[in-house]
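Okay, here's what each chain looks like letter by letter:
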Amino acid sequence: THRDAPPLLVGPFRFFFADESWEWSAEAAQIHGYPAAEMRPATEQVMSHKHPDDHQKIAATLAEIRRTHGPINTRHRIVDVQGQTREVIVVGVQLRDDFGNVVGNQGFFVDVTPTGHPLKQVEDAQRLITEAVAGIAEQRGVIEQCKGILMFVYRIDAERAFDLLRWRSQVTNTKLRGLAEQYLAEFVALEYDEVLPTRSDCDQLLLTAHERVASPIAS
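Asker: Even after reading the chapter, I still don't get unusual backbone geometry, so can you show me in this structure?
Answerer: Comment: phi is negative for the bulk of residues other than glycine, and the bulk of peptide bonds are trans. Positioned with a positive phi, Glu 20 is a non-glycine residue whose angle comes to about 55°. Among the structural elements, Glu 20 can be located in the loop between strand E1 (9–16) and strand E2 (21–24). Its identity as a non-glycine residue notwithstanding, Arg 155 has a phi of 55°, on the positive side. When you line up the elements, Arg 155 lands in the loop between helix H5 (142–154) and helix H6 (158–172).

Spelled out as structure tokens, the structure:
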């Protein structure tokens, strides 16, 4: 199957409140343009990569997280070491110590940088929401419905949505269809307002649905 987008690049990270330190996996470093090796950047270095137009928003997000000890859930642009702008979603949950105390955040940077001509990107973005809602409303197969939800929640195209689902299937050693069925069932059961479940709820579900699948055996 032809793909316009490169394979999905996902980088695990951890962020500790006490000393404002970060742990980046090799993939997280690679997303930011560094050699593929583990890094321990300070918050100042992490923030230096935020796109100027998104810097204030992320600074405010981190300030709120420090205050509430909630999870990091955001989509924003970064500027990598080579000066290229990339779009990332941050899927995070609370990090707890052995005594159950919240000591930070852990999760993943997911590179969802659009490809193609800027005008086409705008047209694609306008079409995404229509396709995503249609995919859910038409009661297609469970994987297609799950893709539609991921497209809607994370504002990504169908290929990236499938990549996201397949990534969780692979890293958790869970059948793709079983994972999609679990995610879909739990998403529908979420309590939410007139708009959508919170990003925090969606991220938590994406990262934990595999734990509740009956037969977590990869196909």
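Moving on from the model shown.
Asker: So what exactly am I meant to see when it comes to the packing of aromatic side chains here?
Answerer: For any two aromatic rings, the description comes down to two numbers: the centre-to-centre distance and the angle of the planes. As enumerated under the stated definition, the model contains eight aromatic pairs in all. Both rings, one in Phe 13 and one in Trp 22, keep their centres 5.8 Å apart while their planes meet at 40°; by these two values the pair is tilted. Within the aromatic cluster, the residues linked to one another by ring pairs are Phe 13, Phe 15, Phe 17, Trp 22, Trp 24, Tyr 34 and Phe 109. Of note, Arg 168 hangs over the ring of Trp 167, and the distance from its end group to the ring centre comes to 4.8 Å.

Asker: Looking at this structure, how should I read the nonpolar core?
Answerer: Within soluble globular proteins, side chains that are nonpolar tend to cluster in buried spots. Formed by 32 residues in total, the largest nonpolar core has its most connected members in Val 110, Leu 150, Tyr 154, Leu 164, Leu 165 and Tyr 183. For this core, the secondary structure elements donating two or more residues are strand E4 (85–96), strand E5 (102–111), H5, H6, helix H7 (176–189) and helix H8 (199–208). Sequence-distant contacts of Leu 165, defined by excluding residues within four places in its chain, comprise Ile 143, Cys 146, Leu 150, Leu 176, Leu 179 and Ala 180. One finds Phe 15, Val 46, Leu 62 and Ile 72 within the second-largest nonpolar core, a separate group that totals 20 residues.

Asker: Sorry if this is basic, but what is going on with the sheet that holds E1 here?
Answerer: Strand pairing in a sheet is mediated by backbone hydrogen bonds. Such pairs are either parallel or antiparallel. With antiparallel pairing, the five strands of this open sheet are ordered in space as E2-E1-E5-E4-E3. In the strand order of this sheet, the two ends are held by E2 and strand E3 (73–79), each with one partner. Going across the sheet, the axis of each strand differs from the next one's by a mean of 30°, ignoring polarity. Where E1 and E5 come together, eight bridges link them in antiparallel fashion.

Asker: What's the story with helix H3 (residues 52–68) in this structure? I'm lost.
Answerer: The α-helix advances 3.6 residues per turn, and as a result positions three or four apart in sequence lie on the same side. Along its 17 residues, H3 runs 25 Å from first to last C-alpha, staying within 8% of the 24 Å computed at 1.5 Å per residue. If you check which residues of H3 are buried, you get Asp 54, Ile 58, Leu 62 and Ile 65. End-on view of H3: buried residues confined to an arc of 80°, all on one side of the axis. Exposed and facing more than 90 degrees away from the buried side of H3 are Gln 56 and Arg 67.

Asker: How should the pattern of salt bridges be read in this particular structure?
Answerer: Opposite charge on two side chains makes pairing possible when the charged atoms of those side chains draw close. Under the counting rule described, the total for this entry stands at 13 salt bridges. Asp 54 is the partner of Arg 77 in a salt bridge, and the nearest nitrogen-oxygen pair spans 2.9 Å. With Arg 77 in strand E3 and Asp 54 in helix H3, this pair connects stretches of sequence that are 23 residues apart. Look at the salt bridges and you will find they share partners, linking Arg 14, Glu 23 and Arg 40 into a network.

Conventions and cut-offs
Residues numbered from 1 in each chain as written. Predicted model: local features only at pLDDT ≥ 70, side-chain atom pairs only at ≥ 80, totals over all residues. Heavy atoms only, no water. Helix = DSSP H or I, 4+ residues; strand = E, 2+ residues; numbered from the N terminus. Phe/Tyr/Trp six-rings, centres within 6.5 Å; stacked < 30°, edge-to-face > 60°. Lys NZ or Arg CZ within 6 Å of the ring centre and 35° of its normal. Core = buried A, V, L, I, M, F, W, Y, C linked by side-chain atoms within 4.5 Å. Buried < 20%, exposed > 50% of the residue type's maximum accessible area, 1.4 Å probe, protein only. Contact = heavy atoms within 4.5 Å. Pairing = 2+ DSSP bridges. Axes fitted to C-alpha atoms, helices over the stretch in contact; angles between N-to-C directions. Expected span 1.5 Å × (residues − 1). Arc of directions from axis to C-beta. Salt bridge = Lys/Arg side-chain N within 4 Å of Asp/Glu carboxyl O.

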